[in-house]
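# Summary of structural features
If you want the building blocks of each chain, they are given just below.
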Amino acid sequence: DKDLDCEARFEEATDFLFEKKLNHKPLKLIGSAHADGVLSFRDKVIIWDNKSKETDVHLKDHLKQFEGYIRSSERPVAGFWVVGPDFTIESQSLAMQFTVDVGVTITLIRASDLKEIADRWNMRNAEKSDEAFPLGYLIQPGLLNPALIAAF
């Protein structure tokens, strides 16, 4: 029960960051066999999945699941984000290889980095609260490097 509760709260918190702090309303997903979230991005979508673990996320354990989400998307996928506490070194290489092989960028995003980016964007936009964060900054192969985000 505690694991399911933690997972649900993690997903709610991620939705909150995208909708309330980064000003992007996640699309509604129907059914239960889907990723945790989807955002419109130009004429495509960005899909994300949360991984609430007490250890580093090992991408290899989830790649088939993520490929299924990408294949079943009704719109082309611009990027796939995995949000977790941290990631194994091997996961970074696998994300890059997936990008090369499949043509969809997998970005590994530490939850703490996403929260910091959202907080900074929200603070920067205190005066213009409806300006949306430019999501393209978060489409990076491998582990997200927050230093590459020039939107601040």
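Note that the structure is a prediction, hence the values are computed from the model and not measured.

## A look at the overall build of the chain
A count of helical and extended segments in the chain gives four helices and five strands. Going from N to C terminus, the chain has its helices and strands arranged as α-β-β-α-β-α-β-α-β. With the principal axes as the frame, the chain shows a C-alpha extent of 45 × 40 × 30 Å. When the 152 residues of the chain are sorted by exposure, 41% land in the buried category. Of all intrachain contacts in the chain linking residues separated by at least 6 positions in sequence, the fraction that spans at least 24 positions is 67%. Carbon and sulfur atoms make up 51% of the accessible area of the chain, which amounts to about 8,700 Å² in all. Taking the 19 positively charged and 25 negatively charged side chains of the chain as two groups, their mean positions are separated by 4 Å.

## Looking at the pattern of salt bridges
If you walk through the whole model with that rule in mind, you get ten salt bridges. The partner of Lys-20 in a salt bridge is Glu-19, with the nearest N and O atoms 4.0 Å apart. Here Glu-19 falls in the partly exposed class, since its relative accessible area comes to 28%. In this structure, Lys-21 engages Asp-119 in a salt bridge whose closest nitrogen and oxygen atoms are separated by 2.6 Å. Of the two residues, Lys-21 sits in helix H1 (residues 2–21) while Asp-119 sits in helix H4 (residues 111–124), which places them 98 residues apart along the sequence. The class for Asp-119 is partly exposed, based on a relative accessible area of 22%. Through salt bridges with shared partners, one network takes in Glu-19, Lys-20 and Lys-25.

## Observations regarding the environment of Val-77
With respect to the element layout, Val-77 can be found in strand E3 (residues 77–84). Placed 31 residues apart in sequence, Val-77 and Ile-46 show a C-alpha to C-alpha distance of 5.8 Å. If we skip the residues at most four places from it in the chain, Val-77 touches Val-45, Ile-47, Ile-70 and Val-104.

## A few points about the sheet that holds strand E2 (residues 44–50)
Remark on secondary structure: sheet strands pair via backbone hydrogen bonds, oriented parallel or antiparallel. On the basis of which strands lie adjacent, the open sheet formed by five strands has the order E1-E2-E3-E4-E5 and mixed pairing. A strand with exactly one partner marks an edge of an open sheet, and here the two such strands are strand E1 (37–41) and strand E5 (142–143). In this structure, E2 lies alongside E3, joined through six bridges in parallel fashion. Each residue of the ladder has a partner; that of Trp-48, found in E3, is Trp-81.

## Considering the side chain of Asn-125
Residue position: Asn-125 is located in the loop between H4 and E5. In terms of polar contacts, Asn-125 uses its side chain to reach the side chain of Arg-124, at 2.7 Å.

## Some words on helix H2 (residues 63–71)
Side chains of residues three or four places apart in an α-helix project in the same direction, reflecting 3.6 residues per turn. Buried residues of H2: Leu-63, Phe-66, Tyr-69 and Ile-70, and no others. Buried residues along H2 cover an arc of 120° about the axis, so they all sit on one side. For H2, exposure combined with an orientation more than 90 degrees from the buried face picks out Lys-64 and Arg-71. Those residues of H2 that are buried lie in contact with E2, E3, helix H3 (89–102) and strand E4 (105–110).

Conventions and cut-offs
- Residues numbered from 1 in each chain as written.
- Predicted model: local features only at pLDDT ≥ 70, side-chain atom pairs only at ≥ 80, totals over all residues.
- Heavy atoms only, no water.
- Helix = DSSP H or I, 4+ residues; strand = E, 2+ residues; numbered from the N terminus.
- Buried < 20%, exposed > 50% of the residue type's maximum accessible area, 1.4 Å probe, protein only.
- Contact = heavy atoms within 4.5 Å.
- Areas by Shrake-Rupley, 256 points an atom, 1.4 Å probe, with all protein chains shown as cover.
- Lys, Arg positive; Asp, Glu negative; His and termini not counted.
- Charge placed at Lys NZ, Arg CZ, Asp CG, Glu CD.
- Salt bridge = Lys/Arg side-chain N within 4 Å of Asp/Glu carboxyl O.
- Pairing = 2+ DSSP bridges.
- Polar contact = N/O pair within 3.5 Å; in protein donor to acceptor, adjacent residues only side chain to side chain.
- Arc of directions from axis to C-beta.

Distances and angles like these do not, on their own, reveal function.
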